[in-house]
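# Coordinate inspection notes
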Amino acid sequence: MRIEEHPVLQFDRGEKVTFFYNGQEVEAYSNETIAAALHAAGVRRLGHSPELHRPRGLFCAIGNCSSCFMTVNGEPNVRICVTRVEPGMRVEEQQGKGVVTP
Amino acid sequence: MIRNVEVLVVGGGPAGLCAAQAAASMGAKVTMLERDYVPGGQLVKQTHKFFGSEKQHAGERGFQIGRMLLDEIQADPNIEILPETTALGCYEDGVITALQGDKHLKFRPERTILATGAAEKFLAFPGNDLPGVYGAGAVQTLMNVAGVKPAQRVLMVGSGNIGLIVSYQLKQAGVEVAGVVEAAPRIGGYLVHAAKIRRAGIPILTGWTVKEAFGKEQVEGAVICQLDDKFQQIPGTEKTIACDAICLAVGLTPLTELCWQAGCEMKYIRELSGHVPVVSDDLETTKAGIYAAGDVTGIEEASSAMVEGKIAGYSAAASLGHSPEEAARLRQEAMEELRQLRSGPTGGKINAGIEKVKQDGGVVHVNLYRYSH
Ligand SMILES: Cc1cc2nc3c(=O)[nH]c(=O)nc-3n(C[C@H](O)[C@H](O)[C@H](O)COP(=O)(O)OP(=O)(O)OC[C@H]3O[C@@H](n4cnc5c(N)ncnc54)[C@H](O)[C@@H]3O)c2cc1C
Ligand code: FES
C-alpha cells in the first residue's frame, strides 16, 4: 500500500507506468524501484532460496544482501530493490540460481 | 579504459559529501561514487530533527541536512557526482572498479576516501529468513523514500535510537507498531525518543526478545519471550504477537569490504561496533593514499561523520599540494570540532575505541561473508 498522506514528507513518485509481474500487469510509478512497486501491490514473497526452497523477500532494500533476486527481462539475479521500474518490464520469480542466456 | 582521477570519494553519505566539499574547496578535482539514486546516505531516510551541535545543522530534519549538503556541492565545478554507481573492488595497485548500470568503470585515483558507511546487523532465530523480516534501514527506505507501507503491523526488535525512531516513523506513515522488544534490561536509546513512542501508545518491553517468526510464505506472527539476567530465554514466558513484519534494529557494523580488499590493516573494536581500518589522525589508513571517514571507521553519528569527512578531504587535498597551509589550518579546526563532539555523553565509548585502535597488537584478519542457502 502506498502512503497517501504523511505529516513530514512529500513523495515525488514520477509518472504512472505499468510492468509485468509473472505475466500479470502491475501499476507502478517511474521513480520507484521494482521492490517498492511490488510491495505497493502487496507482493512481498519475491522468490525461493536455491537450495532449501525457502520463501525469500527483501531484507536490506539497498543492494547489500542479495535476498531480493528476481529475473528481469530474462536476466537472472537482478537486485530488484535497487532497480527502477521501466514501462513494460518483465519481472519474474526466479527458479534456482537462474540461467544466463548469452 | 582506466580513468585517472585526482580524489575519488566512495560513498555519498554525510562523510562522503563533506569530504568531497572539503577537498574541492582546496582546489582538488573530486569524483564521488554513490550507489544510490541520490547521495545523502542515511540522511535521506530520516524525518526527525537531528541531535548534535548547530555547526553540523542539528535541529534540522535529517533529509533536509542531506539536501543542504548536496546543494552545496552540486554547484561546485570541481566535483563530479556519479550516482547509481557502486564501487565493486579496490585493488592492490589502488585501482577502483565500479558498476554503473551495465557499465564497468575503472578508476586510478591519486587519493581515495572510503566513506561507505555501515551495514545492519542480523539476529539469529528460527524463521528469520521469512519475507517480512526486515532490517530497519529497509523499512525506512520503503516508507520514507518510496512512500510505500512495509506492512500493516510491525514488531520492532531493539530499543536503541534507531529502533525507537523507526517505530515513530512507522506510526507517522500510518503503520501499526505492535511493540518494541529489547533484550537488555534498559531502553538503549535517548529518553526523548522513548518518551515520544510511549506517548504514541507503543509498549516497550525490556528484558524480552523475539524467539521465532512464523508464517508459511511470509511473516504471520512472532513468538516473543522473556530473558533472565544472563540473556537466557525463560521457558513458559512465551507470548504470540500478531504481526506481518518484524523489524530488526539491532545495530550497525562498519561496511569495510573495500578496506579489506585494499589490504588496510584492520582491527576488531567492540566500542566501534566491528572491524575498522586502522587510521592516523589525518584519517589515512595503513595503505598510503587511502583515507576512511564516517561510520566505516566506527559507528557514530552524522555530525561526527561530517567532520571526519572534512578532515579526510583537507588531508587528501593538502597531500596533493593543494593550498597545504590553508588545508592544514582547516583540518586543525575540524579536529577541534571533533574533539568537542566527542566530549559529549556518547563520546566516552568512541574515545575508548579509538584509543584501542591506536594501541599495538590485536589485529585480526577474518572476512565476514554472508551466504544464503
Ligand atoms: C534511524 C537512524 C537515525 C539516526 N539519527 C541520527 C541523529 O539524530 N543524529 C546524528 O548525528 N546521527 C544520526 N544517525 C546516524 C547517522 O545517520 C550516521 O552516523 C551517518 O549517516 C554516517 O554517515 P556516513 O557518511 O559515514 O555513512 P552513510 O550515511 O551510511 O552513507 C554511506 C553512503 O555510501 C554509499 N555506499 C556504500 N557502499 C558503496 C559502494 N561500494 N559504492 C558506492 N557507494 C557506496 C551508500 O549508498 C551511502 O549513501 C541515525 C541513523 C539512523 C539509521
Ligand atoms: S534486499 Fe538486500 S539486495 Fe535487495
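Residues numbered from 1 in each chain as written. Chains lettered and ligands numbered in written order. Predicted model: local features only at pLDDT ≥ 70, side-chain atom pairs only at ≥ 80, totals over all residues. Heavy atoms only, no water.

Residue and element names in this part refer to chain B. Within the open sheet, the three strands sit side by side as 12-13-14. Their pairing is antiparallel. Whereas interior strands pair on both sides, the edge strands pair on one side only; in this sheet they are strand 12 (208-214) and strand 14 (239-242). If you compare each strand with its neighbour and ignore which way they point, the axes differ by 30° on average. Note that strand 13 (residues 221-226) and strand 14 share four bridges and pair antiparallel. Its bridge partner being in strand 14, Ala222 is matched across the sheet by Ile241. (Pairing = 2+ DSSP bridges. Helix = DSSP H or I, 4+ residues; strand = E, 2+ residues; numbered from the N terminus. Axes fitted to C-alpha atoms, helices over the stretch in contact; angles between N-to-C directions.)

Okay, the nonpolar core next. In summary, soluble globular proteins display a tendency toward joint burial of nonpolar side chains. Membership of the largest hydrophobic core comes to 45 residues, with the highest contact counts inside it found for Phe19, Ile34, Leu38, Leu58 and Ile80 of chain A together with Val166 and Leu170 of chain B. Not counting residues within four places of it along the chain, the set of residues in contact with Leu58 of chain A comprises Ala35, His39, Leu46, Ser67 and Cys68 of chain A together with Val133, Tyr134 and Ala138 of chain B. Ranked by size, the runner-up nonpolar core spans 40 residues in total, among them Val30, Leu70, Ala302 and Ala327 of chain B. (Core = buried A, V, L, I, M, F, W, Y, C linked by side-chain atoms within 4.5 Å. Buried < 20%, exposed > 50% of the residue type's maximum accessible area, 1.4 Å probe, protein only. Contact = heavy atoms within 4.5 Å.)

Residue and element names in this part refer to chain B. Mean pLDDT over chain B: 93, with 96% of residues reaching 70 or higher. Note that residues 363-373 has pLDDT below 50 and, in this model, 22 contacts with residues that lie over four places away or in other chains. Across the assembled chains, the prediction reports ipTM 0.95 with pTM 0.92. (pLDDT = per-residue confidence, 0-100.)

Residues and elements named next belong to chain B. Per the domain assignment, the segments of chain B are domain 1 (2-119 + 252-370) and domain 2 (122-248). A C-alpha centroid distance of 30 Å is found between domain 1 and domain 2. Each partner contributes residues to the interface: domain 1 has ten residues there, and domain 2 has twelve residues. Both faces considered, domain 1 and domain 2 share a buried interface measuring about 840 Å² in area, 56% of it formed by carbon and sulfur atoms. The interface formed by domain 1 and domain 2 holds zero salt bridges in total. (Domains from an automatic or database assignment. Buried area = accessible area lost by both parts, 1.4 Å probe. Salt bridge = Lys/Arg side-chain N within 4 Å of Asp/Glu carboxyl O.)

To continue, consider the site of ligand 1. Residue and element names in this part refer to chain B. The environment of ligand 1 is made up of 32 residues, and the closest members are Glu34, Gln42, Phe51, Ala87 and Asp295. In this structure, an oxygen atom belonging to ligand 1 sits 2.9 Å away from a main-chain N or O atom of Ala15. Contacts to ligand 1 include Ala302, whose backbone N or O atom sits 3.0 Å from an oxygen atom. Here ligand 1 has 1000 Å² of accessible area as a free molecule, and 94% of this is covered by the chains. (Near = heavy atom within 4 Å. Polar contact = N/O pair within 3.5 Å; in protein donor to acceptor, adjacent residues only side chain to side chain. Areas by Shrake-Rupley, 256 points an atom, 1.4 Å probe, with all protein chains shown as cover.)

To continue, consider the packing of aromatic side chains. Aromatic ring pairs are defined here through the distance separating the ring centres and the angle between the ring planes. Counted according to the given criterion, the structure contains one aromatic pair over all chains. Above the face of the Tyr37 of chain B ring, Arg84 of chain A is positioned so that its terminal group lies 3.9 Å from the ring centre. Lying over the aromatic face of Tyr168 of chain B, Lys196 of chain B brings its terminal NZ or CZ to 4.4 Å of the ring centre. (Phe/Tyr/Trp six-rings, centres within 6.5 Å; stacked < 30°, edge-to-face > 60°. Lys NZ or Arg CZ within 6 Å of the ring centre and 35° of its normal.)

Next up on the list: helix 4 (residues 161-172) of chain B. Residue and element names in this part refer to chain B. Under the 1.5 Å per step criterion, the end-to-end length of helix 4 is 16 Å for twelve residues, consistent within 8% with the ideal 16 Å. In terms of burial, helix 4 is largely enclosed, as nine of its twelve residues are buried. Turning to helix 4, its buried residues number three or more, namely Asn161, Gly163, Leu164, Ile165, Val166, Ser167, Gln169, Leu170 and Gln172. Along its buried surface, helix 4 packs onto helix 3 (136-146), strand 9 (153-157), strand 10 (176-182), helix 5 (191-199), strand 11 (204-206) and strand 15 (245-248). (Expected span 1.5 Å × (residues − 1).)

Let us now look at the side chain of Arg111 of chain B. All names here are of chain B. By the element assignment, Arg111 lies in strand 6 (residues 103-114). In this structure, Arg111 is buried with no salt-bridge partner, the nearest side chain bearing the opposite charge being Glu110 at 5.4 Å. Discounting residues that sit within four places of it in the chain, Arg111 has contacts with Glu6, Val7, Leu8, Gly289, Tyr291, Ala316, Ser319 and Leu320. (Lys, Arg positive; Asp, Glu negative; His and termini not counted.)

Looking now at the interface of chain A and chain B. The interface of chain A with chain B comprises 34 residues on the first partner and 45 residues on the second. For the pairing of chain A and chain B, the buried interface totals around 3400 Å² over both sides, and the portion due to carbon and sulfur atoms is 53%. If you sort the residues of chain A by the area they bury against chain B, Met1, Arg44 and Phe59 of chain A come out on top, with a joint share of 22%. Across the chain A-chain B interface, the total number found is 15 residue pairs in polar contact (both at pLDDT 80 or more). Residue assignment for the side of chain A that touches chain B shows that the elements contributing at least two residues are helix 1 (34-40) and strand 4 (55-56) of chain A.

All names here are of chain B. Here strand 17 (residues 266-269) pairs with strand 18 (residues 274-277) via four bridges, running antiparallel. Considered in strand 18, the bridge of Lys267 is made with Val276. Connecting the antiparallel pair strand 17 and strand 18 is a turn made up of four residues, with Ser273 showing a positive phi of about 75°.

Further remarks concern the packing of helix 4 of chain B against helix 5 of chain B. Residue and element names in this part refer to chain B. Direction vectors running N to C along helix 4 and helix 5 enclose 35°, while the axes themselves pass 9 Å from each other. Taken as a pair, helix 4 and helix 5 cross one another with a handedness that is left-handed. Between helix 4, through Asn161, Leu164, Ile165, Ser167 and Tyr168, and helix 5, the contact on the second element is made entirely by His193, Ala194, Lys196 and Ile197. (Left-handed = near helix turned anticlockwise from the far one by under 90°.)

Residue and element names in this part refer to chain B. Counted under the stated rule, the structure contains zero disulfides over all chains. With no disulfide of its own, Cys243 lies 11 Å from the sulfur of Cys247, the closest cysteine sulfur. The exposure class of Cys243 is buried, given its relative accessible area of 5%. Here Cys259 is not cross-linked by a disulfide; its sulfur's nearest cysteine counterpart is in Cys264, at 5.0 Å. (Disulfide = S-S within 2.5 Å.)

A separate point is the sheet that holds strand 1 (residues 16-21) of chain A. All names here are of chain A. Overall, mixed pairing links the five strands, which are arranged 2-1-7-5-6 in an open sheet. Each having just a single partner strand, strand 2 (24-29) and strand 6 (75-79) make up the two edges of the open sheet. Averaged over neighbouring strand pairs, the angle between their axes works out to 40° when direction is ignored. Two elements, strand 5 (residues 69-72) and strand 7 (residues 90-92), share two bridges in a ladder whose sense is antiparallel. Note on strand 7: the bridge partner recorded for Val72 is Val91.

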